[in-house]
Amino acid sequence: KLYKIKKDIVLLIQDDGIGISPDKISSSKSLGLMGMSERVKYSGGHMEITSPGKVGTIVKIYIPIK
């Protein structure tokens, strides 16, 4: 989903897979997640990754509207 909240564009990506453990989210070996985070930060935004148990993963990306 892509939508606007106040002065941000928000991209929501959600799946119903096996999830990601918190240690893997912050691991330096998670190159895909690190690459996404670096691109988001370069755009002045931030990224949130949550994985509520073993029922999928939610990625929210906030990019400010300039």
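We now turn to the structure provided with this report. (Residues numbered from 1 in each chain as written. Predicted model: local features only at pLDDT ≥ 70, side-chain atom pairs only at ≥ 80, totals over all residues. Heavy atoms only, no water.)

1. Some points on the overall build of the protein chain
The test is simple: Strands are runs of DSSP state E lasting at least 2 residues, helices are runs of H or I lasting at least 4, and numbering of each runs from the N terminus. Residue burial is assigned from relative accessible area. The probe radius is 1.4 Å, only protein chains are included, and a residue is buried under 20% of its type maximum, exposed over 50%, and partly exposed in between. Whether two residues are in contact is decided by their heavy atoms: any pair within 4.5 Å suffices. Method for areas: the Shrake-Rupley scheme with a 1.4 Å probe, in which residue coverage is limited to the protein chains shown. Neither His nor the chain ends is counted toward charge; the positive residues are Lys and Arg and the negative residues Asp and Glu. One atom stands in for each charge, and that atom is NZ of Lys, CZ of Arg, CG of Asp or CD of Glu.
When helices and strands are tallied, the protein chain shows 2 helices and 4 strands. Along the first, second and third principal axes, the C-alpha set of the protein chain runs to 35 × 25 × 15 Å. For the protein chain, the proportion of its 66 residues judged to be buried stands at 24%. For the protein chain, the share of sequence-separated contacts (at least 6 apart) that also reach a separation of at least 24 residues comes to 47%. For the protein chain, the accessible area works out to roughly 5,100 Å², and carbon and sulfur atoms hold 60% of it. For the protein chain, the distance from the average position of its 11 positive side-chain charges to the average position of its 6 negative side-chain charges is 6 Å.

2. Brief notes about the pairing of strand β2 (residues 8-15)
Heads up, the condition is: Two strands are counted as paired when DSSP detects at least two bridges linking them.
One ladder, built from 4 bridges, connects strand β1 (residues 2-5) with β2; its direction is antiparallel. Bridge pairing links Ile5 to Asp8 in β2. Two strands pair when backbone bridges link them, and β2 and strand β4 (residues 57-64) are joined in this way by 8 bridges, in the antiparallel orientation. Within the sheet, the bridge partner assigned to Leu12 lies in β4 and is Lys60.

3. A short note on the side chain of Thr57
Following the sequence through the fold, Thr57 ends up in strand β4. Taking relative accessible area as the criterion, Thr57 reaches 8% and is therefore assigned buried. When near neighbours in sequence (up to four residues on either side) are disregarded, Thr57 contacts Ile13, Gln14, Asp15, Gly19, Ile20, Ile49, Thr50 and Ser51.

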